[in-house]
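Observations on the model geometry
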Amino acid sequence: MKSTCTRNTLSLIILILFLHFSSDLAAQSVAYKALLSTLYDSDFPIVKPAELTDLSKYQIVDTREKEEFEVSHLKGANWVGYDTFSIDNVSGLDKNQPVLVYCTVGARSQEIGKKLKEAGFNQVYNLYGGLIEWANEKKPIFHEGSQTNKVHTYSKSWGIWLTKGEKVY
């Protein structure tokens, strides 16, 4: 526990230093990666947006709250929520087909992904960087069937990481 706290504290110090001394997007990217490294478990599989060329190979699960999902989401995403999540919300999914879980940055989706694995889903992957990283890489997001530029960033503090798209809180 102590080493995890120390690692998290060090990562946050690095993040603060990058934000304080640099407004350069490359530094922001490094700081964002440092922050994400504190959120993810090393043994839970991730997939980066650049590695996803065909979303139709996945059952896509949006683990954000309904108001976030309604602003925008990945094409074909199934909303399951986080605070209101129940395994019944995924009863229509095939446990033997790949599942891609995502949220704003990947923390909530990892937790829901763990629940899916416990429920017998064989191939669960967390979208690295969440919807923010997806949008930053200029990948398409949708609202009511049409492509949109709006991204619900959960809060203003998480919104600092969105560099492409319109921030919604």
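Anything mentioned here points back to the structure above.
By convention here, each chain's residues receive numbers from 1 onward along its written sequence. The model is predicted, so local features are restricted to residues of pLDDT at least 70 and side-chain atom pairs to those at 80 or more, both for listing and for counting; the totals for chains, interfaces and linings are taken over all residues. To get the side-chain values, all heavy atoms of the structure are used, and hydrogens and water are removed first.

The next thing to look at is the overall build of the protein. Strands are runs of DSSP state E lasting at least two residues, helices are runs of H or I lasting at least four, and both sets are numbered from the N terminus onward. Each helix and strand counted, the protein has six helices and nine strands in total. Throughout this description, buried means an accessible area under 20% of the type-specific maximum (1.4 Å probe, protein chains only), exposed means over 50%, and partly exposed covers the range between. Looking at the 169 residues of the protein, the share that counts as buried comes to 43%. A fraction of 68% describes how many contacts in the protein between residues 6 or more apart in sequence connect residues 24 or more apart. The protein chains shown are the only cover counted for residues, whose accessible areas, like all others here, come from Shrake-Rupley with a 1.4 Å probe. Total accessible area on the protein stands at roughly 9100 Å², and carbon and sulfur atoms take up 52% of it. Two residues qualify as a contact provided that any one of their heavy atoms is within 4.5 Å of a heavy atom in the partner residue.

Turning next to the nonpolar core. If you look at the biggest cluster of nonpolar residues, it comprises 25 residues, and the most contacted ones within it are L52, L74, L100, Y102, L127, L131 and W134. When contributions to this core are tallied by element, the ones reaching two or more residues are α2 (25-39), β4 (99-102) and α5 (130-136). In this structure, L100 is in contact with V47, L52, L55, Y58, Q59, I60, V61, L74, Y125, N126 and L127, ignoring residues within four places of it in sequence. Counting twelve residues, the second-largest nonpolar core is a separate cluster that includes F44, V80, F85 and F121. We define the nonpolar core as a collection of buried residues of types Ala, Val, Leu, Ile, Met, Phe, Trp, Tyr and Cys that are connected through side-chain atoms lying within 4.5 Å of one another.

Here we take up helix α4 (residues 107-118). For a helix, the expected span equals 1.5 Å multiplied by the number of residues minus one. Here α4 is twelve residues long and its end C-alpha atoms lie 17 Å apart, about the 16 Å a rise of 1.5 Å per residue gives. For α4, the complete set of buried residues consists of R108, S109, Q110, I112, G113 and L116. Residue G120 follows α4 closely and has a positive phi angle near 105°.

Among the secondary structure elements, V47 is positioned in strand β1 (residues 46-47). Aside from chain neighbours lying at most four places away, what touches V47 is L52, Y58, L100, Y125, N126, L127 and Y128.

Residues other than glycine seldom take positive phi values, yet E144 does so here, at roughly 50°. Here E144 is to be found in the loop between β6 (141-143) and β7 (146-148). Of the residues examined, E144 reaches a relative accessible area of 68% and is grouped as exposed. One non-glycine residue with positive phi stands out, namely Y154, at about 75°. Along the chain, the position of Y154 falls in the loop between β8 (150-152) and α6 (156-159).

The subject of this paragraph is the packing of aromatic side chains. The aromatic pairing rule takes the rings of Phe, Tyr and Trp, using the six-membered ring of Trp, and pairs them if the centres are within 6.5 Å, calling planes under 30 degrees apart stacked, those over 60 edge-to-face and the rest tilted. With the rule as written, the count across this model stands at three aromatic pairs. For the ring pair Y40 and Y128, a centre distance of 5.8 Å and an interplane angle of 65° mean the geometry is edge-to-face. Of this pair, Y40 sits in the loop between α2 and β1 while Y128 sits in the loop between β5 (124-127) and α5; the two residues are 88 residues apart in sequence, bridging distant segments of the chain. Across the ring face of Y128, the terminal group of K48 is positioned such that the distance to the ring centre comes to 5.1 Å. Throughout this description, the term charge over a ring refers to an Arg CZ or Lys NZ atom that lies within 6 Å of the ring centre and within 35 degrees of the ring normal.

On to the pattern of salt bridges, then. The term salt bridge refers to a side-chain nitrogen of Lys or Arg lying within 4 Å of a carboxyl oxygen of Asp or Glu. Inspection of the entire model under this criterion finds four salt bridges. Across the pair K114 and D41 runs a salt bridge, and its minimum N-O distance is 2.4 Å. Here D41 lies in the loop between α2 and β1 and K114 lies in helix α4, a separation of 73 residues in the sequence. Given the relative accessible area of 25%, K114 is considered partly exposed. Each member of the salt-bridge network shares a partner with another, and the members are D41, E111 and K114.

This part covers the pairing of β5. Here the rule is simple: two strands pair whenever DSSP picks up at least two bridges between them. Across two bridges, β1 lies against β5 in parallel orientation. Its bridge partner lying in β5, V47 is registered against L127. Two strands pair when backbone bridges link them, and β4 and β5 are joined in this way by three bridges, in the parallel orientation. For L100, the partnering residue across the bridge sits in β5 and is Y125. Here, the term right-handed applies to a crossover whose path from the first strand over the helix to the second runs clockwise when the strands point away from the viewer. As for the winding sense of the linkage, the β-α-β connection from β4 through α4 to β5 is right-handed.

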